[in-house]
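The residues making up each chain are set out below.
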Amino acid sequence: MTVSFRPITLKIAGQTHHVQAAPGRRLSEVLREELNLRSVKVGCDAGDCGACTVLIDGAQNCACLTPVAQVNGCEIETLETAEAGLSKRLQDSFLAHGAAQCGICTPGVMMAATELLREKAHPTRVQVEEALGGVLCRCTGYVKIISAVMGANETPVTIETPAAGQAVGAAIARLDGQRKVDGSELFGADSVQADALLVRAVRSPFFSAEFTFGDLDAWAADMPGVEAVLTAKDIKGINAFGVIPPLADQPALASGPTRFLGEPVALVVGVADRIEALDFATFPVTWRERPSVVTQGAGMQDGAPQVHETRADNTLIRGRVATGDPDAALAGSQHVATGQFETSYVEHAYIEPEAGRAWLDGDVLVIEACTQAPVMDLDDTAKVLGLPRDRVRIIPTAAGGGFGAKLDLSVQPLLGLAVLRTGRPCRMVFSRNESMRASTKRHPGTMQASIGADAQGRITGMAFHGDFNTGAYASWGPTVATRVPVHASGPYRTPTYRATSRAVHTNGPSSGAFRGFGVPQAAITQELLYDELALKCGMDRLEFRQLNALRDGDTTPCGQTIKGVGMEECLDALTPHWARAQAEADAFNATSETLKRGLGVASCWYGCGNTALPNPSTIRFGITPEGAVRLHQGATDIGQGSNTVITQIAADALGIAVDAIEIIGPDTALTPDCGKTSASRQTFITGKAAELSGRALRADILRMTNLEDAEEIILNGAILSVRQGDQAREIDLSALPVGEFGYVLRAEETYDPPTSTLDENGQGTPYAVYGYGAQIAEVEVDLKLGTTRVVHITAAHDVGRAINPVLATGQIEGGIAQGLGLALMEEFIPGRTENLHDYLIPTIGDMPDVTSVLIEKPDPEGPMGAKGLGEHVLIPTAPAILNAIRDASGARVTKVPALPHRVLAAIEAAK
Amino acid sequence: MLDVDTYDRPHSLKDALAILGDPGIRIIAGCTDVLAATERKVIPGHVLDITGIPELRGIAQVPGGLRLGATTTWSDIIKANLPPSLRALQLAGRQVGAVQIQNRGTLAGNLCNASPAADGVPPLLILDAEVELASFSGVRRMALSDFLQGPRQTARTDDEILTGVFIPEAALGGTSHFSKLGARDFLVISIAMVAVRLDVVDGVIRQAACSIGSCGPVATRLGNVENALIGATLPQAVDRIADADVAANLSPIDDVRADAGYRLKTAAELLRRTISQSVTSQGAPA
């Protein structure tokens, strides 16, 4: 049946549009699907995230909450159609300040800012916060957004345009930045073929349930528009995927009892508007709920329901690192601090729910979706679908945030099943609820530790054990179980040590990778006990850490001797800030009874790359006969900036200006494997591969020109000019034989960091490079309400070499925002908080002032001395805040998030 | 289902009431709750959109008091020039979600959605607000406190439209204040919230109205506390708030935002602070 609607008139950029749409349709859908205004992003369909913010008659509104009938005759402005002058100034300001990372929230942020800037050309910070309070950003920590909006009508900030060889260290604008700030960036839900079918998943309504299907064919035949219904029986390959192949256990569609709430059991594929409107209550499936466990405590109990028959005691894996005799050391210590700490499930809450599309290109299945790991997606999707690798191609779209959860498969195998069955292009877009149910989480942990110190305050030993809720499927549980014991000492000299971990299966969502892989949880345990120890030793808390900090040439609890350690430098950089913060807190507290200020400090270290496992990256770098320089860059940029940083490194290694380089990919058909965007490995590992490729290409050029070195390499069309002193050479590229991939000059280099496997006591070389950092938190605690406001964070991070300082500080600010959320508000409760109003992430009003200090202690292994940074930045924030809460109020909070009721209870307990 | 979604947007109350004859129809306005509660891209079912009815929007002096139309948005309220007794309502409006929500969300929607955490309710309770319910059989007025019967439950019958809120002249005196306690800055559902209106003559409280929301199935007035405040001087007021008196009015629950014990403890503290802020702002309305 065809439904016709009275046309609705929208005025957009001076033009009148008449759209045929259901009057109750969300304006966001009409703008995106009917008018192709795809800068309007959909993050929640509930008014919680503000990504769809548009101006209606000049006022900001969530397009997702606006039935199109209510704007009949109204003027609508989106980022693509907003007034050019102000929009251009805002875009330039966002680029110059580095205010867009992944870019998914950027259009909404900019529309809210547009309204503000029309009324107040030079707004204050408070005015910016009030105007932008309804748009969530998960990447930036809002700091640069505030600066960019405040500065939009000021004298433009100059963006550096470094000469050849000067790119590394320059704060150039993101190379993929323009499309993020003008709204043309395409994310997983943004590309649509006109005839694409829509795929939706039928999901388990219980934490665990058996199920049987009724007559699926009859149901499908009855439902207009339904083209196919698929279940596990339709899976031709191996119905078990997972990021760690030997432990792959997750079905694309459950075949037996479901193991978590929201696990998919069937797909319904068909005509988009019909499928969108389907009520799955009629879907012929019968559920029988089974007993389930959702917490690590329940999962470990005797007689607990077993999540996987093959994994006894619900134990996925255990981890261990041990050296010396910590029990004896603790027994002989002058001071010992002991405690138990608990952390919650934390949701990644990227603003872009998982989405993508797929189609057949000949007999190759092409899947274009948001991801952090295209090659892993390819391997696992091919395996599930029973296709050879060369029949699957993965093209990552821009990822609207990832933070670890887009390392695991989401829409990919489901889209593949639908396309292979129907032969038609298909798309799938998770709702916010689906995204929060189906995606991985940060592991909740229950951790106990004892740490000892001698009379002088030197650490004598540490014993640690953590039980982690790894949820229904393996995902990255083994990585967390391994990383935690390696890092639980913190970046401190710990002569005797035993750290063990256990990953416990439950029927909660699978816990996977989330910025720090369990290290942020362990750091809470260690850093809170360090404060206790410092107090027991009668030492200043910063000095206590300075005394014990790892130094160049020290040996870690894994027995690894480490070089390029900038831990001491980070703590030393904080010293003046610590004194200032202390003085300010003292002054404040002298006159304030109910509000009390306190400060806390915590450190981090974090190994970059896979733990004791190979994880190579390969970069291809070529020059065409026409003189185009192309960098095949397979690392997915999820907002952190690898497109830019890796190109900067490659440019300097080759010795050519960065803007002369064209970036290809990522695309599994066009780019070699650069591994996954995780473990803070891209700047280090792919960056190193880029450096090696650049140097190899340069060596080829020098060889061809017979020069020792080159001061200048310049491309002018097909003529490559090289100059060294008074010697100049030219290569006519068009005269050279064209080789593989269409290049006349080409280098392809692989780098895999030198690590070794760990023995049963975790002894070995887990990582080739570590990064270090420390942060001071200054907080204000309300002693009667238990509320905490973070006033200021000072962050010193040793990045080895700041390839791009603006991107680096952007990582720091964003990590702090997520650390603040972990500390104060983020608690994912399965079945209860699968939306962005019950699950709270920091808004623009929650961010403190941030002072970033970049320490550059070169790493001997990293590219041009660089270390990873992406995850490090989150680790110290929560323990620093918790230590500051104790300093301010006496509250020893042992469970995060430190919600007001928990803080108040701890304040009362301390009285 | 696609075929049965029906969307009516009449331009007069009379037409709206006529449409309301259909059973199962839902009345919608700003849609900030309705569209947040569905994953559909279209508002499902048969809906009656009352935002096309001009006379339902706006704030006006009427005989005997002040009338706020049903589809008056939070932004309308925030921007309006209102007496100091409505300052709490304006402050509450500024904390409804964020600007995007304030621009769409309406007063009637906030009341009819009947969330225990509805930001608009405590500031209206201290104004002795009455709701105006229209049907073909006429218009009736009912105290807001009677209208709200429980979480998601109101006294509105299926054939009625909430057309406005009436505030009697007698409750328009004094200055009011509002505080909201939540775990983050913007876009937050409250753990507890408090509204207070004090009418002070010669430094002595002559009239007091206090209410607390998010600490029970519906927001509630605190009659015993109000009685204790009457006759107090401003400096005495805060000391007259006893934790037990406040708690006697509340029946909070544990939820994801806080536990019940915390709500009981902090509600009294929040009330003391709101009174003291209200006292500081006496004579200096927003």
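Keep in mind the model is a prediction, meaning the values are calculated, not measured.

Participant: I would appreciate a short explanation of the overall build of chain A in the present structure.
Facilitator: Along chain A, the regular secondary structure elements total 22 helices and 32 strands. Its C-alpha radius of gyration of 27 Å places chain A within 12% of the 29 Å reference for a compact globule of 911 residues. Look at the contacts in chain A between residues 6 or more apart in sequence, and 79% of them connect residues 24 or more apart.

Participant: Whenever I open this one, the sheet that holds strand β3 (residues 46-49) of chain B confuses me. Can you help?
Facilitator: All names here are of chain B. Spatial ordering of the open sheet is given by β1-β3-β2, a layout of 3 strands whose pairing is parallel. Every other strand in the sheet has two partners, leaving β1 (6-8) and β2 (26-28) as the edge strands with one partner each. Neighbouring strand axes in the sheet, compared pairwise and without regard to direction, differ in orientation by 25° on average. In terms of strand pairing, β2 meets β3 through 3 bridges, oriented parallel. Looking across to β3, one finds that Ile 27 is bridged to Leu 48.

Participant: What is the right way to look at helix α11 (residues 374-385) of chain A in this model?
Facilitator: Count 3.6 residues to each turn of an α-helix, and residues three or four apart come out pointing the same way. For α11 of chain A, spanning 12 residues, the distance from its first C-alpha to its last is 16 Å, which sits close to the expected 16 Å at 1.5 Å a residue. Immediately downstream of α11 of chain A, the backbone of Gly 386 of chain A shows phi near 70°, a positive value.

Participant: Please clarify how the sheet that holds strand β24 (residues 629-632) of chain A should be interpreted in this entry.
Facilitator: By way of backbone hydrogen bonds, the strands of a sheet pair with one another, either parallel or antiparallel. All names here are of chain A. Across the sheet, which stays open at both edges, the 4 strands sit in the order β25-β24-β23-β29 with mixed pairing between neighbours. Either end of the sheet is taken by a strand with one partner, and the two such strands are β25 (661-664) and β29 (745-751). Averaged over all pairs of adjacent strands, the angle between strand axes in this sheet comes to 20°, irrespective of strand direction. Note: β24 against β25, 4 bridges, orientation parallel. Paired with His 632 across the bridge in β25 is Ile 664. Packing against the sheet, helix α19 (residues 682-705) makes contact with β23 (617-623) and β29, and its axis sits at approximately 145° to β29.

Participant: How should I be thinking about the pairing of strand β30 (residues 770-782) of chain A in this particular structure?
Facilitator: The side chains of a regular strand alternate between the sheet's two faces. Residue and element names in this part refer to chain A. Counting buried positions along β30 yields 13 of 13 residues, so the element is predominantly enclosed. Going residue by residue along β30, you find Tyr 770, Tyr 772, Ala 774, Ile 776, Glu 778, Glu 780 and Asp 782 tucked away on one face and Gly 771, Gly 773, Gln 775, Ala 777, Val 779 and Val 781 tucked away on the opposite face as well. Pairing geometry for strand β22 (residues 595-607) and β30, over 13 bridges, is antiparallel. Each bridged residue has a counterpart across the sheet, and for Gly 600 the counterpart in β30 is Ala 777. Sheet topology places β30 next to strand β31 (residues 788-798); 10 bridges connect them, and they run antiparallel. What sits directly across from Gln 775, in β31, is Ala 795.

Participant: Please explain the interface of chain B and chain A as it appears in this structure.
Facilitator: Interface size, as often reported, equals the accessible area lost upon joining of the parts. The interface of chain B with chain A comprises 40 residues on the first partner and 53 residues on the second. Listed by contribution, the elements that provide at least two residues to the side of chain B that touches chain A are β3, α4 (99-104) and α11 (260-280) of chain B. The greatest single-element share of the side of chain B that touches chain A, amounting to 5 residues, is contributed by α4 of chain B. Of the residues in the side of chain B that touches chain A, the class split is 22 nonpolar, 6 polar and 12 charged.

Cut-off values and rules
- Residues numbered from 1 in each chain as written.
- Chains lettered and ligands numbered in written order.
- Predicted model: local features only at pLDDT ≥ 70, side-chain atom pairs only at ≥ 80, totals over all residues.
- Helix = DSSP H or I, 4+ residues; strand = E, 2+ residues; numbered from the N terminus.
- Rg over C-alpha atoms; globule rule 2.2 N^0.38 Å.
- Contact = placed C-beta atoms within 7 Å.
- Pairing = 2+ DSSP bridges.
- Axes fitted to C-alpha atoms, helices over the stretch in contact; angles between N-to-C directions.
- Expected span 1.5 Å × (residues − 1).
- Buried ≥ 20, exposed ≤ 12 C-beta atoms within 10 Å, placed from the backbone.
- Nonpolar A, V, L, I, M, F, W, Y, C, P; charged D, E, K, R; others polar.

That is the geometry; function is a separate question.
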